Amino acid sequence: RALPVKRAPPAPPAGPARPPPTAAPAVAAQPLRRAASPPRAAPPPEPESVAIAHAECPICFEPLCKAPIGVFLDATGVRVSKHFYNMSAAQELLDSGGTTCPLTRKPITSVQKVPDIREDPEGWFDTVDLDGDRKLSREEVVEALKAQLPVDPTSLDATAADNEWWLQWDTDGSGYVERHELPRLAAYLERELNRRVSLEIPDIRQDKEAWYQYWDGDNSGSLEKEEVVRALLKTLKLTSDSTRVMQMRNMVDAIWCVFDDDGSGSIERNEFLRPNEGLADTIIATMGAQ
């Protein structure tokens, strides 16, 4: 006989449904706040190469004026900076895998030799014309002169600030040396390059004119008193004797008015070359008496 199945007692009647528990509002995560740091100062510009201040190649530190020079070009054939380099050192940099300008870090693909102005003045003009505007600014001319002449760069900068100096080439006062004015600049640079081919002092007994031009260091067409003192000391080989140096200065002061006939403060060419009475023949007589 089957056992009776026990049934669970009926559940009590359900009360009203309880609302689900309300979740606490989510709190957005707050980022970690740090104390505000002061703004960073802009990094100082990179200093110009020491070599530039001495008119030397930034790669090999050789004086630029002692060898052919070149400029770096990018892939479009445009100069990447105002700087000049020793041509051999620049080519060696490229041959060794160099791809950026040593100073500006701009990409470079070739180096172009600066033509000799005595042989190719037009090519020289085009190469020195950094921005390609078909005229040369004062800075473009000065940088080229620093690279090609054995002059003190600081002194040249000071000289270049003088408008009279600049206007000897910028004849129309435009602020630039244009192609029609190039012959004047080319003649100056050619004269300077030829004058400095040899470091030997011209023999005044053989060529008075060459001696005069050699010592006219600022190309003013006349010799100032300090130029005459320097010229005499070196010509007579007295620079190593401090007593003789002082004596020479005093002597030049004492006799200056004898040779400076017009009282201009300098010895012009005619005063220097006057037969028997000019400064040239006086120097020659002094050399013969030594």
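Residues numbered from 1 in each chain as written. Predicted model: local features only at pLDDT ≥ 70, side-chain atom pairs only at ≥ 80, totals over all residues. Heavy atoms only, no water.

- In the nomenclature of an unreviewed UniProt entry, the protein chain corresponds to EF-hand domain-containing protein from the organism Haptolina brevifila.

Here we look at the layout of surface pockets
Then comes step 1: Each pocket or cavity is described by its volume, and for the second largest pocket that value is around 190 Å³.
Then comes step 2: Along its surface, the second largest pocket is lined by 13 residues, and L232, L236, M248, M251 and T286 are the ones closest to its centre.
Then comes step 3: With 5 residues, helix α10 (residues 242–259) is the single largest residue contributor to the lining of the second largest pocket.
Then comes step 4: Taken together, the residues that form the lining of the second largest pocket break down as 8 nonpolar, 4 polar and 1 charged. (1 Å grid on protein atoms, 1.4 Å probe; cavity = no way out; pocket = protein on both sides within 12 Å on 5 of 7 lines; lining within 4 Å. Points joined across faces, edges and corners; volume = space filled by probe spheres on them. Helix = DSSP H or I, 4+ residues; strand = E, 2+ residues; numbered from the N terminus. Nonpolar A, V, L, I, M, F, W, Y, C, P; charged D, E, K, R; others polar.)

So, the nonpolar core
Then comes step 1: Counting 40 residues, the largest nonpolar core has F72, F84, W124, L136, L145, W165 and W169 as the members making the most contacts within it.
Then comes step 2: By residue number, the principal contributor to this core is helix α7 (residues 182–195), which donates 6 residues.
Then comes step 3: If you count residues domain by domain, this core takes at least three from each of domain 1 (50–114) and domain 2 (118–198).
Then comes step 4: In contact with W165, other than residues within four places in its own chain, are V142, L145, L156, T159 and A160.
Then comes step 5: Ranked by size, the runner-up nonpolar core spans 23 residues in total, among them L233, L236, M248 and M287. (Core = buried A, V, L, I, M, F, W, Y, C linked by side-chain atoms within 4.5 Å. Buried < 20%, exposed > 50% of the residue type's maximum accessible area, 1.4 Å probe, protein only. Domains from an automatic or database assignment. Contact = heavy atoms within 4.5 Å.)

Section: the UniProt feature "domain: EF-hand" (unreviewed entry) in the protein chain
Then comes step 1: In the numbering used here, UniProt assigns the feature "domain: EF-hand" (unreviewed entry) to residues 116–151 and 247–282.
Then comes step 2: Overall, residues 116–151 shows 53% helix and 0% strand. The separation of its end C-alpha atoms is 18 Å. (UniProt positions renumbered as here; feature names shortened; annotations may be inferred.)

Overview of helix α9 (residues 225–235)
Then comes step 1: Within α9 the residues assigned to the buried category are E227, V228, V229, A231, L232, L233 and T235.
Then comes step 2: One or two steps after α9, the chain reaches K237, where phi turns positive at roughly 55°.

Overview of unusual backbone geometry
Then comes step 1: In this structure, F61 takes a positive phi of about 65° despite not being glycine.
Then comes step 2: Looking at where F61 falls in the secondary structure, it is placed in the loop between α1 (50–53) and β1 (69–73).
Then comes step 3: The residue R105 is not glycine, and still its phi comes out positive at about 65°.
Then comes step 4: Secondary-structure assignment places R105 in the loop between α2 (87–95) and β3 (110–113).
Then comes step 5: With relative accessibility at 55%, the residue R105 sits in the exposed group.

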